[in-house]
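Tertiary structure, described
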Amino acid sequence: MNRMVDLNGAWSLAVLPDAEFRRLGGAAGVLEDLRSERTETIQASVPGNFELDLVAAGKLADPFYGENVLALKEYDDCHLFYCRRVSYAAGTKEEPFLVFEGIDTYADIYLDGV
């Protein structure tokens, strides 16, 4: 029997400029920082996109108005971290797997920091 855990919905999003990403020690350092809540996060939606999440959080003006789209340039060197706690009951004979649909460009996926 297949049991599906739907991961659509509310997530947390951290946006870090490359310099901050490197200062924290790359992905491992950022994940540790996120666990200790020293990195600011905003509410995000999946499926969705980070630009609209930033607009909803009041961090970015509507990019579809005037020349506001130019403000997105400051995010060119940023790393995005979408985070969410997931509960899964172990002990089934079936191997669990994650399915990602629609990840733009490329991504590194971490589960429990690995």
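Scope of this entry: the structure provided in the associated data block.

What counts as what
Residues numbered from 1 in each chain as written. Predicted model: local features only at pLDDT ≥ 70, side-chain atom pairs only at ≥ 80, totals over all residues. Heavy atoms only, no water. Pairing = 2+ DSSP bridges. Helix = DSSP H or I, 4+ residues; strand = E, 2+ residues; numbered from the N terminus. Axes fitted to C-alpha atoms, helices over the stretch in contact; angles between N-to-C directions. Contact = heavy atoms within 4.5 Å. Polar contact = N/O pair within 3.5 Å; in protein donor to acceptor, adjacent residues only side chain to side chain. Core = buried A, V, L, I, M, F, W, Y, C linked by side-chain atoms within 4.5 Å. Buried < 20%, exposed > 50% of the residue type's maximum accessible area, 1.4 Å probe, protein only. Patch = residues over 30% accessible without salt bridge, like charges linked within 9 Å, V, L, I, M, F, W, Y side chains within 5 Å. Areas by Shrake-Rupley, 256 points an atom, 1.4 Å probe, with all protein chains shown as cover. Salt bridge = Lys/Arg side-chain N within 4 Å of Asp/Glu carboxyl O. Phe/Tyr/Trp six-rings, centres within 6.5 Å; stacked < 30°, edge-to-face > 60°.

As a further point, take the sheet that holds strand 2 (residues 42–46). Read from one edge to the other, the open sheet built from three strands follows the order 2-1-3, with strand pairing classed as antiparallel. Every other strand in the sheet has two partners, leaving strand 2 and strand 3 (78–83) as the edge strands with one partner each. Along the sheet, successive strands turn relative to each other by an average axial angle of 40°, direction set aside. Pairing geometry for strand 1 (residues 9–17) and strand 3, over six bridges, is antiparallel. Each residue of the ladder has a partner; that of Leu13, found in strand 3, is Tyr82. Lying over the sheet, helix 2 (residues 26–35) contacts strand 1 and strand 3, oriented at roughly 45° with respect to strand 3.

What follows deals with the pairing of strand 1. Judged from the five bridges that link them, strand 1 and strand 2 form a sheet pairing that is antiparallel. In the strand pairing of strand 2, Ser12 is matched with Gln43.

This part is about the side chain of Thr39. Among the structural elements, Thr39 can be located in the loop between helix 2 and strand 2. A polar side-chain atom of Thr39 sits 2.3 Å from a polar atom in the side chain of Asp33. Dropping the residues within four chain positions of it, Thr39 is found in contact with Ala14, Leu16, Leu24, Asp33 and Leu34.

Here the focus is the nonpolar core. By size, the foremost hydrophobic cluster in this structure holds ten residues: Trp11, Leu13, Ile42, Ala44, Phe50, Leu54, Leu60, Leu72, Tyr75 and Cys78. Listing elements by their share of this core, those giving two or more residues are strand 1, strand 2 and helix 3 (50–56). Setting aside its immediate chain neighbours within four residues, Phe50 contacts Leu13, Tyr75, Leu80 and Tyr82. By size, the runner-up hydrophobic cluster in this structure holds nine residues, among which are Ala14, Phe21, Ala27 and Phe81.

Right, let's talk about a nonpolar patch on the surface for a bit. A grouping of Leu98, Phe100, Ile103, Ile109 and Leu111 is seen on the molecular surface, where their side chains present a nonpolar patch of about 470 Å² in accessible area. Of note, Ile103 is situated in the segment after strand 3. You can call Ile103 partly exposed: its relative accessible area is 43%.

This structure, assessed with the given rule, holds two aromatic pairs. Seen in terms of ring centroids, Phe50 and Tyr75 are 6.0 Å apart; in terms of plane orientation they differ by 65°. Their pairing is edge-to-face. Residue Phe50 is found in helix 3, and its partner Tyr75 is found in the loop between helix 3 and strand 3; the two are separated by 25 residues along the sequence. Neither residue differs from the other here; Phe50 and Tyr75 are each classed as buried.

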